[in-house]
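Architecture at a glance
The lines below spell out each chain.
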Amino acid sequence: MKRLLYTICAFALSVTALSAQTMYDGLKYSDVNLYGTARSIALGNALTAVGGDLGSVVLNPAGSSVAGYSQFSLSQGMSTANVTSDYSAVAGSDDFSSSLKSDKSRYTMPNIGFVINMPTPGSSSIKSYSLGFMVSTTGRSLDRMSAFGTNEFTTMMGDMAYKAYGIDYNNLVGSSAYDNYNWTLPLSYQSFMISELDGTTDEYLGATESDIPLSGIGLCGPVDQKYIMQHTGSRNDMVFNVAANISDRLYLGFNLGMPLLSYKENIFAGEYAVEQNDFQQNLNGKDVYFQSAYQRYYLDTDAEGIYAQIGAICLLGDFVRLGASVKTPTWYSVRERWGYDATTSYDSFSESAQSPDGDYSYNLVTPMELNLGIAATLSDKLLVSLDRSVINHKNMKFHSSEDSFINDEFDAVNSSIATYAAKTRMTRFGVEYKPLPYLALRYGYTSKKYDADKTISNAFGIGFSSNGAFYADFAVRNTKYPYSWYYPYDDYMYDDSGSLIVRSNEIGYSKSLLDCVLTLGWRF
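Residues numbered from 1 in each chain as written. Predicted model: local features only at pLDDT ≥ 70, side-chain atom pairs only at ≥ 80, totals over all residues. Heavy atoms only, no water.

1. Digging into the overall build of the chain
If you tally the helices and strands in the chain, you get five helices and 26 strands. Judged by the C-alpha coordinates and their principal axes, the chain covers about 95 × 55 × 40 Å. When each of the 524 residues of the chain is scored for burial, the buried share is 52%. At a minimum sequence separation of 6, the contacts of the chain that also span at least 24 residues come to 73%. About 22500 Å² of surface is accessible on the chain, with carbon and sulfur atoms providing 56% of the total. Taking the 38 positively charged and 54 negatively charged side chains of the chain as two groups, their mean positions are separated by 18 Å. (Helix = DSSP H or I, 4+ residues; strand = E, 2+ residues; numbered from the N terminus. Buried < 20%, exposed > 50% of the residue type's maximum accessible area, 1.4 Å probe, protein only. Contact = heavy atoms within 4.5 Å. Areas by Shrake-Rupley, 256 points an atom, 1.4 Å probe, with all protein chains shown as cover. Lys, Arg positive; Asp, Glu negative; His and termini not counted. Charge placed at Lys NZ, Arg CZ, Asp CG, Glu CD.)

2. Topic: the pairing of strand E2 (residues 96–119)
Relative to E2, strand E1 (residues 71–88) runs antiparallel, the two sharing 17 bridges. Along E2, the bridge assignment pairs Ser85 with Leu100. With nine bridges joining them, E2 and strand E3 (residues 126–151) adopt antiparallel strand pairing. Across the sheet, Met118 pairs through a bridge with Tyr129, a residue of E3. (Pairing = 2+ DSSP bridges.)

3. What to know about helix H5 (residues 411–420)
For an α-helix the count is 3.6 residues per turn, leaving residues at separations of three or four pointing the same way. Within H5, burial applies to Val413, Asn414 and Ile417. Across the axial projection of H5, the buried residues extend over an arc of 100°, all falling on one side. Exposed residues on H5 whose side chains face more than 90 degrees from its buried face are Ala412 and Tyr420. (Arc of directions from axis to C-beta.)

4. Observations concerning the nonpolar core
Membership of the largest hydrophobic core comes to 58 residues, with the highest contact counts inside it found for Met145, Phe290 and Tyr486. When near neighbours in sequence (up to four residues on either side) are disregarded, Met145 contacts Val83, Ser85, Ser102, Tyr227, Ile228, Met229, Tyr486, Ile507 and Tyr509. (Core = buried A, V, L, I, M, F, W, Y, C linked by side-chain atoms within 4.5 Å.)

5. Concerning the side chain of Lys327
If you trace the backbone, Lys327 turns up in strand E12 (residues 320–327). Looking at Lys327, the relative accessible area reads 15%, which means it is buried. Once residues within four sequence positions are removed from consideration, Lys327 is found in contact with Tyr307, Ala308, Gln309, Met368 and Glu369.

6. So, the pattern of salt bridges
The final tally for this structure, using the stated rule, is 16 salt bridges. For the salt bridge of Arg39 with Glu432, the shortest nitrogen-to-oxygen distance reads 3.1 Å. Taken together, the residues span a long stretch of sequence, with Arg39 in helix H2 (residues 38–42) and Glu432 in strand E19 (residues 423–436) at a distance of 393 residues. With relative accessibility at 13%, the residue Arg39 sits in the buried group. Owing to a relative accessible area of 6%, Glu432 belongs among the buried residues under this scheme. When the shortest N-O distance is used, the salt bridge between Glu369 and Lys327 registers 3.4 Å. Of this pair, Glu369 sits in strand E16 (residues 369–377) while Lys327 sits in strand E12, and the two are 42 residues apart along the sequence. The residues Glu369 and Lys327 share a single accessibility class, namely buried. Through salt bridges with shared partners, one network takes in Arg39, Glu432, Arg442 and Asp473. (Salt bridge = Lys/Arg side-chain N within 4 Å of Asp/Glu carboxyl O.)

7. Let's talk about the packing of aromatic side chains
Following the criterion strictly, the structure yields 26 aromatic pairs and no others. Seen from their ring centres, Phe398 and Phe410 are 5.7 Å apart, and the 20° between their planes marks the pair as stacked. Pair noted here: Phe398 is in strand E18 (residues 397–400) and Phe410 is in the loop between E18 and H5, with a separation of 12 residues, a long-range link. Classification of Phe398 by relative accessible area gives buried; the value is 1%. Among the residues examined, Phe410 registers a relative accessible area of 2% and is labelled buried. Summarising the aromatic geometry, the rings of Tyr438 and Phe464 are spaced 6.3 Å apart at their centres and angled 65° between planes, so their arrangement reads as edge-to-face. With Tyr438 in the loop between E19 and strand E20 (439–450) and Phe464 in strand E21 (residues 453–465), this pair connects stretches of sequence that are 26 residues apart. According to the relative accessible area criterion, Tyr438 is partly exposed, its value standing at 42%. Judged by relative accessible area, Phe464 falls into the partly exposed class, the value being 37%. (Phe/Tyr/Trp six-rings, centres within 6.5 Å; stacked < 30°, edge-to-face > 60°.)

8. Let's talk about the side chain of Ser345
Note on placement: Ser345 falls in strand E13 (residues 330–346). At 3.0 Å, the side chain of Ser345 forms a polar contact with the side chain of Ser350. For Ser345, the contacting residues outside a window of four places in its chain are Phe290, Gln291, Ser292 and Ser350. (Polar contact = N/O pair within 3.5 Å; in protein donor to acceptor, adjacent residues only side chain to side chain.)

9. What about the confidence of the model for the chain?
On average, the chain scores 92 in pLDDT, and the residues at 70 or more come to 94%. Low pLDDT, under 50, characterises residues 1–19; the stretch is placed with 70 contacts to residues that sit more than four places away or in other chains. (pLDDT = per-residue confidence, 0-100.)

10. Focus: a positive patch on the surface
A surface patch of like charges, here positive, comprises Arg388, Lys423, Arg425, Lys449 and Lys454. On the accessibility criterion, Lys449 (41% relative accessible area) is partly exposed. (Patch = residues over 30% accessible without salt bridge, like charges linked within 9 Å, V, L, I, M, F, W, Y side chains within 5 Å.)

The structure is reproduced here in structure tokens:
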């Protein structure tokens, strides 16, 4: 999946179909992007066999019983996404005419929680129990991609006119049109982005096009194209934890997790005449000149889910420990709301249109997760830890939110998931060195691979631990994501024989995410 496809404003998405979800929606909601405390982040979240830190409990519920004390901690931070985009008017040409850099920042609270340690002095084998509750971030969506360039070949309005071919214009007016067609088609017609050709009722011309005798429909002149795509939101797991310390050699734990997910997507597509006089059209018997047009799309997704998780940590001698945890599939109830609006401006007037607000609910089951870890304390000063995690996305499934004995609504997308989805494999490594009893220096590395795409994180941190109850940790993590591709609209320039004349535009972009987190904690 090196060429990750996004389609702007769901231009190629049939929102009239109830099952508009795709495999990529499931991947987005089941993707793992662990945060936790500053210590767990600085160690690359390689804590499956370590425990003792509130950030480790989401990875392995046995971790809460490792520390022999109760504790409370609060983590706060700042996340900044940096995106560099490259615009090309013709996809596949590698002729990137412009490059833009954008950034987006958010205040974060990646972890807050407590663990109560309860010793059992009368028991010979069970040394203590622990009860805990925490909220920890396990996924984040944050970016803002901006792109700009000049196109002499294709436009989004030309694509809309091409897709509307064969639809009588009377069927594109009124709110009922949104019940029968891709929402972008009535929206484009009602906002004057497209209009019917003279003498026809089902052939269309984009506001940027003209019908040239003997040559056919073509672009009037060059247009400037601007795109903005922004994603924000997070997935936060509320975790109820219980664990036990058995003979200071074996630690067992159980989590009941309730993830809360909230994501927002906003997309803007604008086109502007470079030379207004090139874009003359006759609308309702009057000559007008196209100036600009834009279309906006929003998608708000909210979900709540539930899962269970069990884990264990076992000490092999005094220096080596093994850890393992298994998380059940997560059952999500998902609600999506979306809508479009568009405006087209000519020299003498402007016209706007707005779609209805879409609202749809469904259920999603994400795959189970397996975590394995090994850690070694080479001295009182040095800790080294290595983790491995696997998630098989072929086991994702969409379900209708309505009870139905016969339900084939999601058969097609579930079949696609079973055929094409791959596994996510994560390798996490962390090292902690204490040059002084109260000071810790940390480094963490995370590699997450899905199919051919690889996401790499490097983290650094420092920790302070007083002789009393207070401790503090700070971490900085930089994550680099694979280069991706974004296709604003479909190819539509074909000759009479059906051969493609020229491809539509494309945008390539790279993304990095910088996280800074401070954790303040107290033992009691």
